[in-house]
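# Topology and contacts: notes
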Amino acid sequence: MMKPAYILSASAISPQHTFERGQLLQPIMSSNNGRLYVVDADYRQYINPVAIRRMSKVIKMGISTAMNALQQAGIACPDAIITGTGMGSMLDMERFLKDMIQLEEEALNPTFFIQSTYNSINGWIALQTKCNGYNQTFVHRGHSLELSLLDAQLLLTEAETTQTVLAGCFDEMTEEYFFIKNKIGYWKHDIPDSRNLLQHSDTPGTIGGEGAAFFTLTNQPAGALCSIQEIKLYQDAETSEVQTGMLQLLANHGLQPADIDLLLCGMNGDARQQPLYQMAMDVLPSSAVGAFKQLTGEYATASGFALWLAAEVFRTQQVPAPVLYKGTAPARVRHILLVNHYITGNASLVLLRGNQQP
Amino acid sequence: MEDLKVTLKQQIIEALNLQGMTPADIDDNAPLFGDGLGLDSIDSLEMMVLLERNYGIKIEDAREGRKVLESVQSMAEYIQQHRKI
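Residues numbered from 1 in each chain as written. Chains lettered and ligands numbered in written order. Predicted model: local features only at pLDDT ≥ 70, side-chain atom pairs only at ≥ 80, totals over all residues. Heavy atoms only, no water.

Assigned secondary structure in chain A consists of 11 helices and 11 strands. Whereas a compact globule of 358 residues would reach a radius of gyration of roughly 21 Å, chain A reaches 19 Å, a difference of no more than 12%. Referenced to the eigenvectors of the C-alpha coordinate spread, the extents of chain A come out at roughly 60 × 50 × 35 Å. Counting the 358 residues in chain A, one finds 61% classified as buried. If you take every contact in chain A between residues at least 6 apart in sequence, the share linking residues at least 24 apart comes to 78%. By element, 51% of the accessible surface of chain A is carried by carbon and sulfur atoms, the whole surface being about 14,300 Å². (Helix = DSSP H or I, 4+ residues; strand = E, 2+ residues; numbered from the N terminus. Rg over C-alpha atoms; globule rule 2.2 N^0.38 Å. Buried < 20%, exposed > 50% of the residue type's maximum accessible area, 1.4 Å probe, protein only. Contact = heavy atoms within 4.5 Å. Areas by Shrake-Rupley, 256 points an atom, 1.4 Å probe, with all protein chains shown as cover.)

Rendered as structure tokens:
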């Protein structure tokens with residue numbers, strides 16, 4: 001069994017006010033056009049002004065959250081950089097492809113091509129931190145972040161000395177992406193207020209979103225906010241298979257269903273995905289239930305927001321009211337189970353434990 | 001020639017996204033790389049693309065390219081002699 005991966009710090013840029021430390025998730029941001037865009041940070045605080053001019057938004061989001069997470073942990077250079085992204089830098093890829101068509105594959109801008117590659121953010125972070133260590137980007141749709149966390153946990157389990165890993169995720173929403181996915185029924189129409197998304201869970205579709213989240217992980221508990229105990233991944237699985245996995249996960253760590261103080265679910269208002277979350281709530285009937293995609297929209301690495309939120313809940317021992325979906329906020333949060341499902345059939349379970357155990 | 005230099009500066013600012021700069025901020029003879037505008041190797045590729053797209057000029061020889069891209073003045077002179085568009 002793998003050792004826990006301890007989260008020293010967490011940083012997120014999302015459609016909510018998550019980057020600057022203030023009252024958790026206040027004020028709540030919403031939209032009425034089927035998608036949520038991030039609240040931009042002051043990227044110039046984290047990125048060289050000469051370099052920033054050729055960066056698209058997702059690259060600025062990724063680097064800024066990465067550098068912020070490292071700063072919070074007091075780490076200048078991690079031992080490894082591991083990220084996950086569903087789509088990478090979509091905007092740069094769209095620009096490059098449009099240029100290819102318009103200019104008949106002649107005189108193409110190198111910048112858009114270089115930055116359209118999935119691992120360009122990792123490269124920028126490595127350059128900025130002067131990190132020559134292990135550097136990996138996972139691109140596996142709704143499992144992208146989870147695989148980067150799993151890889152980090154493997155690395156930290158095998159390490160014989162104290163190691164730190166910078167792990168994170170990033171995805172952006174573009175007009176083109178929204179338009180194309182609309183054609184295959186990804187989005188709901190007529191949601192006048194994104195905050196009420198989950199009240200429309202009887203029809204297919206969701207709302208689009210974007211965001212970046214980074215975490216400094218280590219193999220030592222000192223100073224950690226919480227730890228990742230175990231990650232389980234499922235592809236195109238039956239709900240019953242995930243249910244068995246949930247019970248196994250609890251058993252692996254000597255936990256009863258009532259020990260999970262908060263079940264944090266990726267419910268996105270899509271009726272097709274509701275059975276999985278209903279099953280999770282049935283398995284943990286006494287746990288408070290939180291939901292977050294009404295705050296972020298859906299994207300391949302939205303679970304990064306959930307992990308950031310869980311770290312904040314452990315830190316503050318408070319479940320923000322806009323997140324609470326069912327039950328009452330627990331007085332003390334020791335265990336959180338993240339359950340997420342992405343439209344491409346990727347389901348994941350992540351068991352987290354607070355670092356202040358009784 | 002003066003009009004060409006102003007146009008060229010505007011094109012450089014747009015192509016390289018030199019935020020907050022105007023053509024008046026770029027000296028005709030100041031080096032574009034290193035101590036001048038502080039551009040880098042990716043910018044040089046962007047400017048080769050700019051010459052090809054806007055003036056039909058394709059520079060195949062790297063040494064020639066280095067001379068052409070020394071300053072706005074050298075670029076404008078080269079464009080005047082070799083432009084196809």
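As a further point, take the packing of aromatic side chains. Residue and element names in this part refer to chain A. Inspection of the entire model under this criterion finds seven aromatic pairs over all chains. Between the aromatic rings of Phe-19 and Tyr-46, the centroid separation amounts to 5.5 Å while the plane-to-plane angle is 75°, which identifies the pairing as edge-to-face. One end of the pair, Phe-19, is in the loop between strand 1 (5–13) and helix 1 (49–52); the other, Tyr-46, is in the loop between strand 1 and helix 1, with 27 residues separating them in the sequence. For the pair shown, Phe-19 and Tyr-46 are each scored as buried. (Phe/Tyr/Trp six-rings, centres within 6.5 Å; stacked < 30°, edge-to-face > 60°.)

Our next topic: helix 11 (residues 303–316) of chain A. Residue and element names in this part refer to chain A. For helix 11, spanning 14 residues, the distance from its first C-alpha to its last is 20 Å, which sits close to the expected 20 Å at 1.5 Å a residue. Among the 14 residues of helix 11, 12 are classified as buried, and the element is accordingly described as predominantly covered. Note on helix 11: the residue one or two positions beyond its end, Gln-317, has a positive phi of about 60°. (Expected span 1.5 Å × (residues − 1).)

The interface is formed by 15 residues belonging to chain B together with 13 residues belonging to chain A. Buried surface at the junction of chain B and chain A, summed over both partners, amounts to about 1,100 Å²; 41% is from carbon and sulfur atoms. By the criterion of area lost to chain A, the three top residues of chain B are Ile-42, Glu-46 and Arg-53 of chain B, representing 42% of everything that side buries. Between chain B and chain A we count five salt bridges in total. The partner of Lys-58 of chain B in a salt bridge is Glu-106 of chain A, and the shortest N-O contact between them spans 3.5 Å. Linking chain B with chain A are 11 residue pairs in polar contact (both at pLDDT 80 or more). Top contributing element to the side of chain B that touches chain A by residue count: helix 2 (residues 41–55) of chain B, with seven residues. Of the residues contributing to the side of chain B that touches chain A, the split by class is six nonpolar, three polar and six charged. (Buried area = accessible area lost by both parts, 1.4 Å probe. Salt bridge = Lys/Arg side-chain N within 4 Å of Asp/Glu carboxyl O. Polar contact = N/O pair within 3.5 Å; in protein donor to acceptor, adjacent residues only side chain to side chain. Nonpolar A, V, L, I, M, F, W, Y, C, P; charged D, E, K, R; others polar.)

Turning next to the packing of helix 2 (residues 57–73) of chain A against helix 5 (residues 120–129) of chain A. All names here are of chain A. Between helix 2 and helix 5, whose axes approach to 10 Å, the crossing angle comes to 45°. Regarding the angle of helix 2 to helix 5, the classification is oblique. For the element pair helix 2 and helix 5, the recorded crossing hand is right-handed. Here helix 2 contributes Val-58, Ile-59, Gly-62, Ile-63, Ala-66, Met-67 and Leu-70 to the contact with helix 5, which in turn contributes Ser-120, Ile-121, Trp-124, Ile-125, Gln-128 and Thr-129. Residue composition of the contact of helix 2 with helix 5, grouped by class: nine nonpolar, four polar and no charged. (Axes fitted to C-alpha atoms, helices over the stretch in contact; angles between N-to-C directions. Parallel < 35°, antiparallel > 145°, perpendicular 65-115°, else oblique. Left-handed = near helix turned anticlockwise from the far one by under 90°.)

The figure often quoted for interface size is the accessible area lost as the parts come together. Residue and element names in this part refer to chain A. Segmenting chain A into domains produces domain 1 (5–218) and domain 2 (226–354). The C-alpha-based centres of domain 1 and domain 2 are spaced at 21 Å. Taken together, the contact pairs 56 residues of domain 1 with 49 residues of domain 2. Of the roughly 4,000 Å² buried between domain 1 and domain 2, counting both surfaces, carbon and sulfur atoms make up 66%. Applying the counting criterion to the domain 1 and domain 2 interface returns zero salt bridges. Seen at the junction of domain 1 and domain 2, the total is 17 residue pairs in polar contact (both at pLDDT 80 or more). Elements supplying a minimum of two residues to the side of domain 1 that touches domain 2: strand 1, helix 6 (144–158), strand 4 (164–171) and strand 5 (211–218). Broken down by element, the residue count for the side of domain 1 that touches domain 2 peaks at seven residues, all from helix 6. Of the residues in the side of domain 1 that touches domain 2, the class split is 25 nonpolar, 23 polar and eight charged. (Domains from an automatic or database assignment.)

Residue and element names in this part refer to chain A. Of all hydrophobic cores here, the largest spans 48 residues; its most connected members are Leu-217, Ile-228 and Ile-336. Take this core: its biggest share by element is nine residues, from helix 11. Each of domain 1 (5–218) and domain 2 (226–354) accounts for three or more of the residues forming this core. Contact partners of Leu-217, with chain neighbours within four places excluded, come to Tyr-6, Ile-7, Leu-149, Ala-152, Leu-156, Gln-163, Thr-164, Val-165, Ala-167 and Ile-228. (Core = buried A, V, L, I, M, F, W, Y, C linked by side-chain atoms within 4.5 Å.)

To continue, consider the packing of helix 1 (residues 2–16) of chain B against helix 2 of chain B. Relative placement of two packed helices is described by the angle separating their axes and the distance separating the axes. All names here are of chain B. Running from amino to carboxyl end, helix 1 crosses helix 2 at an angle of 125°, the nearest separation of the two axes being 10 Å. In terms of orientation, helix 1 and helix 2 fall into the oblique class. Crossing of helix 1 against helix 2: the hand is right-handed. Note on element contacts: helix 2 touches helix 1 through Asp-43, Glu-46, Met-47, Leu-50, Asn-54 and Tyr-55, opposite Leu-4, Thr-7, Leu-8, Gln-11, Ile-12, Ala-15 and Leu-16. Considered class by class, the residues forming the contact of helix 1 with helix 2 number eight nonpolar, three polar and two charged.

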